[in-house]
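# Structure assessment
In case you want the letters, here they are:
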Amino acid sequence: MDRIVKCVVFVCLIGIPCSSGINILCLMGVPSPSHHIWNRVLMEALAAKGYNLTIVSPDVEKVQKPNLTYIHLEETYHAIHDGDTAIDFYEMAQENLVKSMITFYDYAFSLCEGVMRSKGLKVILDYPDDFKFDLVLYDFTCGPCLMGLYQKFGQQPLVGVTAFNIPPYTVDFIGGHKYPAYIPYYTLTYDTDMHFFQRLENTFIYAMDYFYRNYYYVPKTDEMIRRIAAFKNVPYLGDLDRKMILMLVNSHHAVDFPEPIPQNMIQVGGLQILPSKPLPSDIDVFIKSAKKGAILFSLGTNVMSSDLGEERIQMFLEAIRKFPDYNFLWKFEADPKRYSIPNNLIMRNFLPQSDILAHPRTKLFITHAGLLSTHESTWHGVPMVGIPFIADQYRNLEKSLRAGVAERLDVWTLTTDQIVRTVRKVLDDPSYRIRMQDKSALFRDQPDKPLDRALWWIEWCLRHPKAETIQSPTLRLGVWKSELYDVKMFLIVVAVAIFVFVKRIFYILSSVSSNKTKIKKKVN
């Protein structure tokens with residue numbers, strides 16, 4: 001009875017039904033475990049509040065929690081790892097600036113091929129068109145392949161989410177401005193203070209990304225999805241992307257660049273970092289038994305440690321033997337029994353990364369410098385040794401290097417001695433940890449928790465599904481007006497006209513003066 005009364009009060013006060021009656025469609029098409037980790041925290045928090053979530057995703061949970069229904073896009077990982085559409089991340093790591101940008105979009109094409117081949121897509125397409133969803137959460141990181149489903153279910157309020165920080169194409173969805181003058185493209189390692197040629201290169205790649213995305217990638221994806229009969233008559237995907245009311249981005253100034261953002265872009269960097277849980281007893285004992293502390297080693301979820309190659313794996317094993325006072329925990333995806341494992345090393349397919357970093361005896365994190373890992377290491381105040389491979393990992397690490405909280409290892413020139421020297425440098429110099437603890441204090445000092453902020457804004461969208469006051473006018477104005485190109489062009493034309501006019505006046509006056517001089521000479 002109390003619940004019914006509360007529900008009635010809730011309806012009267014804010015105009016929407018109780019959360020137990022609200023259905024949310026989650027279009028989470030990115031085939032990346034790290035993205036799923038970030039999205040899952042948000043989705044499970046919504047489910048815990050009583051919302052019913054239908055999740056269309058390449059990643060599913062073995063044990064599904066109440067209020068969560070997963071629809072598996074089972075072919076998506078196969079598409080990006082196997083066959084003609086496979087993406088080689090080690091090859092991507094060696095590509096130049098433009099080619100790596102194109103490979104990112106090739107990755108998006110591959111995942112879309114996998115989506116369309118998945119039985120899970122047919123499952124969600126078999127839902128009746130009038131199935132009631134009140135809100136759509138959409139991971140927009142890798143493109144609009146699933147946005148035909150947004151059209152199918154009536155274009156309910158759309159909230160974009162990304163475990164990336166602030167991708168360059170956010171302005172295409174919710175408006176605002178990008179500033180290549182001081183915000184480096186995500187694959188560049190520049191700082192905000194770029195010299196002329198760096199700004200020139202940065203502007204070039206921003207422009208390349210814009211034109212490639214909007215005039216090749218999105219049109220081709222739009223073409224691809226129309227092979228599915230149910231999507232033949234959907235509006236253009238680029239137009240559907242612009243229906244976002246709100247965007248949640250994995251960004252915070254303590255770790256990322258201080259970028260000016262529109263009001264409907266909400267920064268929730270570190271959303272996935274939950275209160276630490278007790279470690280499994282064997283890991284806890286192993287960490288505590290180390291004489292000087294523990295070191296965590298993980299290359300994330302896309303680049304596998306087991307793919308480093310025999311030679312590099314042996315280098316790390318040999319380096320670990322040279323630190324007998326420290327215990328190492330290595331996230332390693334293959335069977336470790338084939339290797340001679342030192343006594344101070346545990347190799348596991350899965351390690352509770354954030355909980356290990358939260359342990360007071362964890363002294364160092366050897367990482368690929370992915371954004372989630374960088375956030376977690378910063379949050380818990382653990383300095384890093386970074387080994388970047390792809391995408392934003394280079395930029396993330398470069399920022400940490402400049403902040404004095406990390407050192408770098410180059411996977412292509414790796415030696416055992418380099419590993420030992422670099423690890424020892426960070427361990428033996430307390431300034432790395434001191435500076436990282438300062439960054440941690442800055443990251444943690446927020447008026448509310450990132451997850452709570454994300455939940456509040458999603459519920460704001462439910463309360464105000466047609467709100468337009470928060471939206472940037474730049475989408476409506478277009479680039480020509482919003483960037484003042486018309487005004488700048490006018491001022492240039494006026495300045496040139498004035499210059500020409502003044503020059504003409506001087507020419508006339510000079511001619512008159514010259515003629516007078518000639519006449520005077522003739523008279524004399």
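Shown above is the structure to which this text applies.
Summary of the structure given here. (Residues numbered from 1 in each chain as written. Predicted model: local features only at pLDDT ≥ 70, side-chain atom pairs only at ≥ 80, totals over all residues. Heavy atoms only, no water.)

## Examining the overall build of the protein chain
The following threshold applies: Each helix is a run of H or I in the DSSP string that is no shorter than four residues. Each strand is a run of E no shorter than two, and both are numbered from the N terminus. To sort residues, take the accessible area from a 1.4 Å probe on protein chains only and compare it with the maximum for the residue type: under 20% means buried, over 50% means exposed, and anything in between is partly exposed. Computed with the Shrake-Rupley method and a 1.4 Å probe, the accessible areas treat only the protein chains shown as cover for residues. Residues scored as charged are limited to Lys and Arg (positive) and Asp and Glu (negative), so that His and the chain ends carry no count. Throughout, a charge is located at the NZ atom of Lys, the CZ atom of Arg, the CG atom of Asp or the CD atom of Glu.
Of regular secondary structure, the protein chain possesses 20 helices and 13 strands. Dimensions of the protein chain along its principal axes, counting C-alpha atoms only, are 115 × 65 × 50 Å. Split into buried and exposed, the 524 residues of the protein chain put 54% on the buried side. Surface summary for the protein chain: the accessible area is close to 24,800 Å², and the carbon and sulfur share equals 58%. Computed over 59 positive and 55 negative side-chain charges, the separation of the two mean positions in the protein chain equals 8 Å.

## Here's the deal with the packing of aromatic side chains
Just so we agree on the cut-off: Each Phe, Tyr or Trp ring, with Trp reduced to its six-membered ring, pairs with another whose centre is within 6.5 Å; inter-plane angles below 30 degrees give stacked pairs, above 60 give edge-to-face pairs, and intermediate values give tilted ones. Geometrically, a lysine NZ or arginine CZ counts as sitting over a ring once it is within 6 Å of the ring centre and also within 35 degrees of the ring normal.
Taken as a whole and judged by the stated rule, the model has 33 aromatic pairs. Centroid distance Y127 to F153: 6.5 Å. Interplanar angle 80°. Geometry classified as edge-to-face. Of the two residues, Y127 is situated in the loop between α6 (119-125) and β4 (135-139) and F153 in the loop between α7 (147-152) and β5 (158-162); the sequence distance between them amounts to 26 residues. Residues Y127 and F153 agree in their burial class; the two are buried. For the ring pair F140 and Y169, a centre distance of 6.5 Å and an interplane angle of 90° mean the geometry is edge-to-face. Pair noted here: F140 is in the loop between β4 and α7 and Y169 is in the loop between β5 and α8 (170-174), with a separation of 29 residues, a long-range link. Considered together, F140 and Y169 belong to a single accessibility category, that of buried residues. One residue, R213, lies across the ring of Y169, its end atom 4.1 Å from the ring centre. Over the face of the ring belonging to Y432 we find R435, whose NZ or CZ atom lies 5.7 Å from the ring centre.

## What about unusual backbone geometry?
For A391, which is not glycine, the phi dihedral falls at a positive 50°. One can find A391 in the loop between β12 (384-386) and α15 (393-402). Overall, A391 belongs to the partly exposed group, its relative accessible area being 23%.

## Digging into the layout of surface pockets
Filter applied, for reference: Both cavities and pockets are sets of points on a 1 Å grid over the protein atoms alone; in a cavity a 1.4 Å probe fits but cannot get out, in a pocket the set is open with protein on both sides within 12 Å along at least five of seven lines, and lining residues sit with an atom within 4 Å of a point. Grid points are joined across faces, edges and corners, and a volume is the space filled by probe spheres set on the points. Residue classes follow a fixed rule: Ala, Val, Leu, Ile, Met, Phe, Trp, Tyr, Cys and Pro count as nonpolar, while Asp, Glu, Lys and Arg count as charged, and any other residue, Gly among them, counts as polar.
Counted as a void, the second largest pocket has a volume near 870 Å³. Surrounding the second largest pocket, 31 residues form its lining, V171, D172, Y210, V479 and E483 being those nearest its centre. Of all elements in the fold, only α8, α9 (196-225), α10 (237-241), α19 (474-482) and α20 (485-523) reach the threshold of two or more residues within the lining of the second largest pocket. In terms of residue count, α9 provides more of the lining of the second largest pocket than any other element does, nine residues in total. The residue inventory of the lining of the second largest pocket, partitioned by class, reads 14 nonpolar, nine polar and eight charged.

## Some remarks on the nonpolar core
Rules: Throughout, nonpolar core names a set of buried Ala, Val, Leu, Ile, Met, Phe, Trp, Tyr and Cys residues whose side chains join them through atoms within 4.5 Å. Between two residues, a contact is recorded if the distance between any of their heavy atoms is within 4.5 Å.
Ranked by internal contacts, the top residues of the largest apolar core, which has 100 residues, are L27, L121 and W330. Here this core takes eleven residues from helix α5 (residues 97-117), the largest share from any one element. What L27 contacts, discounting residues up to four positions off in sequence, is V56, V136, L137, Y138, D139, L146, M147, L149 and Y150. Ranked by size, the runner-up nonpolar core spans 38 residues in total, among them M28, V41, I458 and L462.

## So, a nonpolar patch on the surface
Just so we agree on the cut-off: Excluding any residue in a salt bridge, patches collect residues exceeding 30% relative accessible area, merging like charges within 9 Å and nonpolar Val, Leu, Ile, Met, Phe, Trp and Tyr side chains within 5 Å. Should a side-chain nitrogen of Lys or Arg be within 4 Å of a carboxyl oxygen of Asp or Glu, the pair is scored as a salt bridge.
There is a patch of nonpolar side chains on the surface, built from I498, F501, V502, I505, F506, Y507, I508, L509 and V512 and spanning about 890 Å² of accessible area. With respect to the element layout, F501 can be found in helix α20. F501 gets classed as exposed once you look at its relative accessible area, which sits at 56%.

## A look at the sheet that holds strand β11 (residues 362-367)
The condition that has to hold: In short, DSSP must find at least two bridges between two strands for them to pair. For helices, the axis comes from a line fit to the C-alpha atoms of the stretch in contact; other axes are also lines fit to C-alpha atoms, and the angle between any two N-to-C directions lies between 0 and 180 degrees.
With parallel pairing, the six strands of this open sheet are ordered in space as β10-β9-β8-β11-β12-β13. Every interior strand has two partners, whereas the edge strands, β10 (345-348) and β13 (406-408), have only one. Strand-to-strand, the axes of this sheet are offset by a mean angle of 15°, without reference to chain direction. Pairing of β11 with β12, which is carried by three bridges, proceeds in the parallel orientation. Across the sheet, residue T367 finds its bridge partner in β12, namely G386. Of the strands in this sheet, β8 (293-298), β9 (326-331) and β10 touch helix α11 (residues 281-289), which is tilted by about 145° from β9. Each of β12 and β13 touches α15; the most contacted strand, β13, lies at about 125° to it.

## Things to note about empty space enclosed by the protein
Under the defined criterion, the tally for this structure stands at six cavities of 30 Å³ or more. Its boundaries defined by the atoms lining it, the largest cavity holds a volume of some 90 Å³. If you go around the largest cavity, you meet 15 residues; those closest to its centre are N165, I166, I183, E259 and R395. Residue classes in the lining of the largest cavity are distributed as nine nonpolar, two polar and four charged.

## Structural notes on the state of the cysteines
Using the following cut-off: Cysteine sulfur atoms that pair up within 2.5 Å are treated as a disulfide.
Counted under the stated rule, the structure contains one disulfide. Through a disulfide, C112 is tied to C145; the S-S separation comes to 2.1 Å. A torsion of 80° about the S-S bond marks the disulfide between C112 and C145 as right-handed. With C112 in helix α5 and C145 in the loop between β4 and α7, this residue pair connects regions lying 33 residues apart in the sequence. There is no split in this pair, since C112 and C145 are both buried. With no disulfide of its own, C461 has C26 as its nearest cysteine by sulfur position, at a separation of 13 Å. Relative accessible area serves as the criterion here: at 0%, C461 is assigned to the buried category.

Everything listed here is a matter of geometry and, on its own, says nothing about what the molecule does.
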